[in-house]
Amino acid sequence: MQGGHPISNPNELIRSTLDFQFQISWQMLNIHLTGLQDEEFHSRPAMKGLHVYHESGVWRTDWPETEEYEIGPPSISWLTWHITYWWSMVLDHSFGSGTLTREEVLSMGNIQETRDRINRLKDEWEREVAGLPGEALLSMERTRWPFEDRPFHELLAWLNIELMKNAAEIGYCRFLYAVSKK
């Protein structure tokens, strides 16, 4: 049921469920980005971990060679870059030219510009997904990154999971930052 009305079309049920998950994930991200300032944005939760750095006038990002725990926890600046990275890649590969690479997705270097970029990506994502007919959710045509040969609704579900995971990681960093300042 959506808004108290039964949904009879399976494609619309899929869309409604994925939209519900997306909205919850988005709310969690907004909670953790609210009140975030540049000092906390650039702080590191540990001496070691994925981070962004300023080099030759550009904000660059670390890239993990492994996903082992020994690499350390990522910073909020890296996590927010990671959101812009995977969302930019999915949008480009599902709705654009499909040529965007990781190296082309740079960090903004501050929270306000990063928040603005994330909001633009969200708006573009919602616009593109809303414009798809229900049958497109079952098609594999637009599923090109980070995996292929899966129905598009599975890519939408992955994006929801990735958004919630990054939101939770940002929240955890904020808890660590808050107690380190006491």
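Residues numbered from 1 in each chain as written. Predicted model: local features only at pLDDT ≥ 70, side-chain atom pairs only at ≥ 80, totals over all residues. Heavy atoms only, no water.

**Q** Where do I start with the overall build of the protein chain in this structure?
**A** Secondary structure summary: the protein chain contains 5 helices and 2 strands in total. Helices and strands in the protein chain line up, N terminus first, as α-α-β-β-α-α-α. On C-alpha atoms alone, the protein chain measures out to a radius of gyration of 18 Å, which is about the 16 Å that the 2.2 N^0.38 rule sets for 182 residues. By residue count, 43% of the 182 residues in the protein chain fall in the buried class. Taking the intrachain contacts of the protein chain between residues at least 6 apart in sequence as the baseline, contacts between residues at least 24 apart amount to 67%. Counting 17 positive and 27 negative side-chain charges, the protein chain places the averaged centre of each group 5 Å from the other. (Helix = DSSP H or I, 4+ residues; strand = E, 2+ residues; numbered from the N terminus. Rg over C-alpha atoms; globule rule 2.2 N^0.38 Å. Buried < 20%, exposed > 50% of the residue type's maximum accessible area, 1.4 Å probe, protein only. Contact = heavy atoms within 4.5 Å. Lys, Arg positive; Asp, Glu negative; His and termini not counted. Charge placed at Lys NZ, Arg CZ, Asp CG, Glu CD.)

**Q** What should I look at first to understand the packing of aromatic side chains in this one?
**A** The description of an aromatic ring pair uses the distance of the two centres, along with the angle that the planes make with each other. Counted according to the given criterion, the structure contains 14 aromatic pairs. A ring pair is formed by Trp-81 and Tyr-85, whose centres lie 5.2 Å apart and whose planes are at 15°; its orientation type is stacked. Here Trp-81 and its partner Tyr-85 are both found in helix H3 (residues 76-95), 4 residues apart, which amounts to about one turn of the helix. Of the two residues, Trp-81 and Tyr-85, neither departs from the other in class, the shared state being buried. Relative to Trp-158, the ring of Trp-86 lies with its centre 5.8 Å away and its plane at 75°, an arrangement referred to as edge-to-face. Of this pair, Trp-86 sits in helix H3 while Trp-158 sits in helix H5 (residues 152-180), placing them 72 residues apart in sequence. According to the relative accessible area criterion, Trp-86 is buried, its value standing at 1%. (Phe/Tyr/Trp six-rings, centres within 6.5 Å; stacked < 30°, edge-to-face > 60°.)

**Q** Explain the UniProt feature "domain: DinB-like" (unreviewed entry) in the protein chain here, please?
**A** According to UniProt, the feature "domain: DinB-like" (unreviewed entry) maps to residues 21-170 in the numbering used here. Secondary structure across residues 21-170 comprises 51% helix and 5% strand; the distance between its end C-alpha atoms is 18 Å. (UniProt positions renumbered as here; feature names shortened; annotations may be inferred.)

**Q** I keep staring at the layout of surface pockets and nothing clicks. Help me out?
**A** Any space left empty among the atoms is revealed by the rolling of a water-sized probe across them. There is about 600 Å³ of room inside the largest pocket. Looking at the largest pocket, it is lined by 27 residues, and the ones nearest its centre are Leu-50, Glu-67, Trp-78, Lys-165 and Glu-169. Of all elements in the fold, only H3 and H5 reach the threshold of two or more residues within the lining of the largest pocket. No other element matches the 8 residues that H5 contributes to the lining of the largest pocket. Along the lines of polarity and charge, the residues of the lining of the largest pocket split into 18 nonpolar, 4 polar and 5 charged. For the lining of the second largest pocket, the secondary structure elements donating two or more residues are helix H1 (10-33), helix H4 (111-130) and H5. Looking at the lining of the second largest pocket, the element that brings in the most residues is H1, giving 5 residues. Class assignment for the residues of the lining of the second largest pocket results in 6 nonpolar, 2 polar and 3 charged. (1 Å grid on protein atoms, 1.4 Å probe; cavity = no way out; pocket = protein on both sides within 12 Å on 5 of 7 lines; lining within 4 Å. Points joined across faces, edges and corners; volume = space filled by probe spheres on them. Nonpolar A, V, L, I, M, F, W, Y, C, P; charged D, E, K, R; others polar.)

**Q** What exactly am I supposed to notice about the pairing of strand E2 (residues 58-61) here?
**A** The side chains of a regular strand alternate between the sheet's two faces. Here strand E1 (residues 52-55) pairs with E2 via 4 bridges, running antiparallel. By the bridge assignment for E2, Val-52 is matched with Thr-61. Linkage of E1 to E2, two consecutive antiparallel strands, is achieved through a turn of 2 residues, within which Ser-56 is found at a positive phi near 55°. (Pairing = 2+ DSSP bridges.)

**Q** Could you clarify how one ought to interpret the pattern of salt bridges in this entry?
**A** Per the stated rule, a full pass over the model turns up 9 salt bridges. The salt bridge partner of Glu-126 is Lys-122, with a shortest N-O separation of 2.8 Å. Of this pair, Glu-126 and Lys-122 both sit in helix H4, separated by 4 residues, roughly a single helical turn. When its relative accessible area of 27% is taken as the criterion, Glu-126 is described as partly exposed. Looking at Lys-122, the relative accessible area reads 12%, which means it is buried. Two residues, Glu-162 and Lys-165, come together in a salt bridge whose shortest N-O distance is 3.5 Å. Pair noted here: Glu-162 and Lys-165 are both in helix H5, with a separation of 3 residues, about one helical turn. The exposure class assigned to Glu-162 is buried, which follows from its relative accessible area of 11%. Counted as one network, the salt bridges with shared partners bring together Glu-162, Lys-165 and Glu-169. (Salt bridge = Lys/Arg side-chain N within 4 Å of Asp/Glu carboxyl O.)

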